[in-house]
Every structure is written in structure tokens, then in C-alpha cells.
Amino acid sequence: MEEFRRSYSRLCRESGAEPQEAVLQQLHQLPRGRLDLATQSLTVETCRALGKLLPREMLCTELVLSDCMLSEEGATLLLRGLCANTVLRFLDLKGNNLRAAGAEALGKLLQQNKSIKSLTLEWNSLGTWDDAFATFCGGLAANGTLQQLDLRNNQISHKGAEELALALKGNTTLQQLDLRWNNVGLLGGRALMNCLPSNRTLWRLDLAGNNIPGDVLRAVEQAMGHSQDRLTTFQENQARTHVLSKEVQHLREEKSKQFLDLMETIDKQREEMAKSSRASAAHVGQLQEALNERHSIINALKAKLQMTEAALALSEQKAQDLGELLATAEQEQLSLSQRQAKELKLEQQVEELERKVRCQQEQLFQTRQELTSTSAELKMRAIQAEERLDMEKRRCRQSLEDSESLRIKEVEHMTRHLEESERAMQERVQRLEAARLSLEEELGRVKAAALSERGQAEEELIKAKNQAHLEERQRLAHLEDKLRLLAQARDEAQGACLQQRQAVAEAQTRATQLGLQVESLRRRLEELQQELSLKDQERVAEVSRVRVELQEQNGRLQAELAAQEALREKVAALERQLKVMASDHREALLDRESENASLREKLRLREAEIARIRDEEAQRASFLQNAVLAYVQGSPVRTLSPPK
């Protein structure tokens, strides 16, 4: 506010005028965010300076200019500056005698300003000129932010009220309008009453002191009551929609978390399988190296055998050529026989190796059979889980159909009960109307007698004054008795109205019971979701158990050389099974989400039906109450007062 004060002083001096001390003092004492210049006589130069400062002021949200005796030029300058302001929320221009130029400036302000929510224009003269007030009403129709408007004591005629009615038809944000103590009259009141069905936001309209008939005022009050009920219903629906959207978002987050956890476990299992396959591949490589070494040893032995055969051939030739070397040849034959024995042993070892290979192949065939049996068991368990899920779906559908039929029966019973009570109330109202007519006739006769007696009393005023007073007291006592009878009839009508309210309360309790049924259905949906999570956990446990079994089988097959290719095929098959199980799980999740969406749609339809029933019951109760109040207020109580 100190910066605002310095800028105000500078602009006043630049325009050749001194700043007003009273305004400077008020600016120095003002709290943050509020500019209160009430009862300060503002000059045109001050208004011009404020009009230049207010578009750039970002801290002032409330501006009070009541009883400032603003001139037409000063008010126009101020309002022109407020057109570009984006932070002002409250504007008070009470008691400034604004006329044609002020009304036009206010119309432009309402068209251009997008921040003002409350505007007070009490004790002005905006309705004196019809064209200027039409401009103001055009700005009101184009405004999209104003919520509260005070137009008390503005000399608004029935033409101004018609312009206001046209503006209210186009306005979609105004909630409160005060038109007390104007000259709206019957035509203006009817125009305002006819525009109310087109306006869905206005819930308060004050028309006291406008010479408007009572039936028009009651119709306006009834329309405002409907608007308030509609506003409360809209707020309740918004709150429920917000709560349901939060619950849906929470469910989606939980589902996404569960899905992410499942994908993480699957990725971990894949990593473990990859690690085990790499370890088994390394072990198989080592076994392959050992086998290659043994093959090299066998090849070396075969080469040695060929060499011995060549040596044997040479020795035989030498034996044929050299007979004296027979002893040495026999020794060589013995060595050859020993070598042959070794070769036989080697052949036996080769046969043993072949038998081991056949045993390993048999074990591999058994593992393949075990894999097929485990896959069949997994498929059977998946089929059983799907059957249990279908049974739960059918059970949920059956419960929903039963609750729907029960709700329809209760609604039919309630409608029949309400129709019977409505017929009884109509008969009661007819009887009360007949009693009222008879009382009015009797009252007319009493009034005629009173008039005749009053004429006689005026002729003989000096002679029979005491006697006239006595007769008047007796007549007043008689009329008071009749008033007591009318009060008793009114009490009876109020008792009937209370009974109708009790019936409405019973209908509301039934609606709450329906709401409890909806809550039970929602809890059932949560139980189904918990069962689905348990099934997911069982599936994860089953996958982990299968993985443990596969690891054990891989541990048993690590020592087998020829089973490496089969082991790889087994790992690939398990990966395909995991992919199939993941896709099945995703499909089950999608089905569950579609079921949740259908249940939410049914829940929304159920709540809409309950809201519609509540609205109908509230309308019926309000109609009956208004009829009773109209009857009680329409009784000629004022005509019963004694003549002066």
C-alpha cells in the first residue's frame, strides 16, 4: 500500500492537482488487500489517478467507495480503470447517486472485467434512464464471474425489471440478486418470475418493497426454493462424483501396482532362469572339454596299436629272416598280448560309457514326461480357476438382479402410499376451502351489519357512545372466537403437513436403505478384488514352485552331457508357458476391470434413480406445504381488525 500511496501522489502532481490528505491518510492506515475510501469526497483528479493505478494493482482484492459523492466523470474514470483489473473480487459503490453515465460505465465494466464476484450498488439511480440501464443489463448478461449483485433503492421500473429478466436468461453465474425498495410493480415481477425457469444458478432473489402482488412473490419464493434444492443436490452429486472418482483412481493404482509387481516377479524369474542356463552351459562346456580329452587319448591308443601292428609285421619278417632271434620275438608277442588285453579293457570302458549314455537318455525321457504332466496340471488348475471366477460372476449378477427387483417393489409401494396420502390431503384441502368460503360469507354479513351499525352510531354519537362501545366489544369477542376457530383449522392443516413430512422422511429412510444396499454391493466388489489378488498370489506361488522343481531337475541334469539341447528346449517351453500365463493374467485383469466399470455404471444409475425419487418427493412435499401456506396466508385476517 505504500507504493500505491506514492504512485497516487505522483500522478496527482503530474496532473497539476494536490493529492487529497484524507485519501492519503486512509491509504496509510489501510490493511493489506483492502482499499476502503468510504465517506471520502473524491475529486475528479483523484478518480483519474486511481483509474490509472487500479489496472496495475495486484494486491487489492476489495475496494469500498460507498458514500463518496462521485461525479459522473469521476465514476466513469474509476470504472474504466477497473476494466483491466484481474485481482479485484469485491466492489462497493453504495450511495453515489450514479445515473446514466455510471450505468453505461458499469455495463462496460461487467463486460470486460473477469474477476469481480460481488458488486454493491445500493442507493443509486441506475434505473432512472431506461437506455443506460439496458446497457448495464447487457453487460450483466455477458458477464461470467459475478455471483452477488445488490440493486436496492435504484428506482428500477417495470421496464428495467424486464431488461434484468432478459439479462438473467443469458447469465450463468449470478447466485444472489437484491432488488428491494424499487418500483418493479406487477409487470416487472411477472417478467422476473418468467425468467427464473431459464436461469439455473440464481438461488436468492429479494423483491420486498416493490408493489408486487403476494402470489407473484410466493411464486418467486417457490422458484428460489427449487433453485436452492437444485443447488444442494448438485453439490451433493459433485461430492459423490468426487468420492467415486477417488475410489476408481485408487483401484486403478492398486491394479497397476499389482500388475507391475507381477511383471517384476516374472522378470526376476527370467533372470534366474538365464543365470541357471548360463551356469549349465558353462558346466556342459567343461564336460565337452573333458570328453574331447578322452577322445584324444583313445586316438593316441589307436595310433599306438597301429604302430604295434607295424612292429609285429616287422618282427614276423625278422623272425622269418632271423631264426636265432626267436626268443626275442616271443617276448614281443607276449608284450603284444598284454597290449591286446589293454585294448580289450579299453573296449569294455567304451561299452560302459555307452551304457551310461543310454541311461542318461532314459532319464531325459522321464524328465520330458514329468514336464508334460506338470504342464497338464497347470492347465487343469487354470481351468478350475476360470470356472470359480465364472461362478462368482453369476452369483454377483444374481445378487444384483435380486436387489433391483426388491428396489422396484419398494418404489412401487412408496409411490402408491404417496398417491394415497396426496389424495387424502387434496380432500382435506377441499374441505378446508369450503369452510373458508362459508366463513368469508359469514364475515361479509358481519361486515355489512357493522357498517349499518356504524352509520347509526355516527348519527347518535353523542347520545349512545357508551352503548356503541359495549356492542363493539361484544362483536370483537365474537370475531376473536371465529379467529380461534380459524387458528384451530390452521393447526389441523399444519398437522396434516407434518404427517406428509413424516411420509417424506420415511421415503428418505428407504432411499438410505437403498444406499446401504449399494454400499453392500461395493463391498462385494472389493471382496471379489481381494479374491482376485489371492488367486494372483497362488499363481505366483505355483510359478515359483514350478521354477524350484525345474531348478532341481536342472541340478540333476547338470552331469548329463547329451541332455543339453533338451534342457534348452525345456527352458524355451517354460518361457512360452510364462508368456501364456502372463497374457492370461492380463486378460483376466481386463475382464475384471470391465466388470468393475459395469458395476460402477449400475451404481451411478442407481444413485441417479435415488436422486430423482428424492427430488420428486421433495417437490411434492413443497407443493403441499406451499398450498397449505397459501391457504393460511390467503385467509382475510386483516379485515377482522376493528374499525377506528
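About the cut-offs
- Residues numbered from 1 in each chain as written.
- Predicted model: local features only at pLDDT ≥ 70, side-chain atom pairs only at ≥ 80, totals over all residues.
- Heavy atoms only, no water.
- UniProt positions renumbered as here; feature names shortened; annotations may be inferred.
- Helix = DSSP H or I, 4+ residues; strand = E, 2+ residues; numbered from the N terminus.
- Rg over C-alpha atoms; globule rule 2.2 N^0.38 Å.
- Buried < 20%, exposed > 50% of the residue type's maximum accessible area, 1.4 Å probe, protein only.
- Contact = heavy atoms within 4.5 Å.
- Lys, Arg positive; Asp, Glu negative; His and termini not counted.
- Charge placed at Lys NZ, Arg CZ, Asp CG, Glu CD.
- Pairing = 2+ DSSP bridges.
- Axes fitted to C-alpha atoms, helices over the stretch in contact; angles between N-to-C directions.
- Patch = residues over 30% accessible without salt bridge, like charges linked within 9 Å, V, L, I, M, F, W, Y side chains within 5 Å.
- Areas by Shrake-Rupley, 256 points an atom, 1.4 Å probe, with all protein chains shown as cover.
- Salt bridge = Lys/Arg side-chain N within 4 Å of Asp/Glu carboxyl O.
- 1 Å grid on protein atoms, 1.4 Å probe; cavity = no way out; pocket = protein on both sides within 12 Å on 5 of 7 lines; lining within 4 Å.
- Points joined across faces, edges and corners; volume = space filled by probe spheres on them.
- Nonpolar A, V, L, I, M, F, W, Y, C, P; charged D, E, K, R; others polar.
- Disulfide = S-S within 2.5 Å.
- Core = buried A, V, L, I, M, F, W, Y, C linked by side-chain atoms within 4.5 Å.

The name an unreviewed UniProt entry gives the protein is Leucine-rich repeat-containing protein 45, with Theropithecus gelada as the organism. In UniProt, the protein has this text filed under Subcellular location (unreviewed entry): "Cytoplasm, Cytoskeleton, Microtubule organizing center, Centrosome".

Regarding its fold elements, the protein presents 12 helices and seven strands. Computed over the C-alpha atoms, the radius of gyration of the protein is 51 Å, more than 25% above the 26 Å expected from 2.2 N^0.38 for a compact globule of 644 residues. Sorting the 644 residues of the protein into buried and exposed places 33% on the buried side. Across the protein, contacts joining residues at least 24 apart in sequence account for 86% of those joining residues at least 6 apart. In the protein, 94 positive and 102 negative side-chain charges are present, and the distance between their average locations comes to 3 Å.

This paragraph deals with the sheet that holds strand β4 (residues 118-120). The strands that make up a sheet pair up through hydrogen bonds in the backbone, lying either parallel or antiparallel. Spatial strand order, β1-β2-β3-β4-β5-β6-β7: seven strands in an open sheet with parallel pairing. In the strand order of this sheet, the two ends are held by β1 (34-36) and β7 (204-206), each with one partner. For this sheet, the mean angle separating the axes of adjacent strands, direction not counted, is 0°.

Turning next to a positive patch on the surface. Together, Arg270, Arg576, Lys579 and Arg586 give the surface a local cluster of positive charge. Positionally, Arg270 belongs in helix α9 (residues 214-321). For Arg270, a relative accessible area of 36% corresponds to the partly exposed category.

Turning next to empty space enclosed by the protein. In this structure the tally under the stated criterion is eight cavities of 30 Å³ or more. Taken as a whole, the largest cavity encloses approximately 160 Å³ of empty space. Around the largest cavity, the lining is made up of 15 residues, and of these Val543, Val546, Leu550, Leu574 and Leu578 lie nearest the centre. Of all the secondary-structure elements, those providing two or more residues to the lining of the largest cavity are α9, α11 (465-557) and α12 (564-634). Within the lining of the largest cavity, the residues separate by chemical class into nine nonpolar, two polar and four charged.

This paragraph deals with the side chain of Glu617. Take Glu617: it is sitting in helix α12. Look at Glu617: it is buried, it has no salt bridge, and the nearest opposite charge is Arg620 at 4.0 Å. Filtering out sequence-adjacent residues up to four positions away, Glu617 remains in contact with Leu418, Val504 and Ala507.

All right, on to the state of the cysteines then. A complete count under the given rule lists zero disulfides for this structure. Not engaged in a disulfide, the cysteine Cys60 finds its nearest cysteine sulfur in Cys68; these two sulfurs lie 13 Å apart. Sulfur of Cys68: no disulfide; nearest cysteine sulfur belongs to Cys47 and is 8.1 Å away. Given a relative accessible area of 0%, Cys68 falls into the buried group.

Let us look at the environment of Arg240. Mapped onto the elements of the fold, Arg240 is located in helix α9. Residues Arg240 and Glu607, 367 residues apart in the sequence, show an inter-C-alpha distance of 9.5 Å.

Attention now moves to the nonpolar core. Counting 67 residues, the largest nonpolar core has Leu91, Phe136, Leu149 and Leu151 as the members making the most contacts within it. Leu151 has contacts with Leu121, Leu126, Phe136, Ile156, Leu164, Leu177, Asp178, Leu179, Arg180 and Asn182, leaving out every residue within four places of it along the chain. Counting residues in hydrophobic clusters, the runner-up holds seven residues, among them Met273, Leu550, Val571 and Leu574.

To continue, consider the pattern of salt bridges. For the coordinates displayed, the defined rule picks out 15 salt bridges. Asp481 is paired through a salt bridge with Arg484; the nearest N and O atoms lie 1.7 Å apart. You can see Asp481 and its partner Arg484 sitting in helix α11, three residues apart, about one turn around the helix. Residue classification places Asp481 among the partly exposed residues on the basis of a relative accessible area of 34%. Counted as one network, the salt bridges with shared partners bring together Glu122, Asp150, Arg152, Asp178 and Arg180.

Moving on, we come to the environment of Leu262. Here Leu262 shows up in helix α9. With 28 residues separating them along the chain, Leu262 and Ala290 place their C-alpha atoms 42 Å apart.

Let's shift gears to helix α4 (residues 72-82). For α4, the tally of buried residues reaches eight of 11 residues, placing the bulk of the element in the interior. Looking at α4, one finds that the buried residues are Gly74, Ala75, Thr76, Leu77, Leu78, Leu79, Gly81 and Leu82. Residues of α4 that are buried sit in contact with α3 (44-53), β2 (62-64), β3 (90-92) and α5 (100-112).

Another aspect to go through is unusual backbone geometry. The residue Met69 is not glycine, and still its phi comes out positive at about 55°. With respect to the element layout, Met69 can be found in the loop between β2 and α4. Although it is not a glycine, Trp181 adopts a positive phi angle of roughly 60°. With respect to the secondary-structure elements, Trp181 resides in the loop between β6 (176-178) and α8 (185-195).

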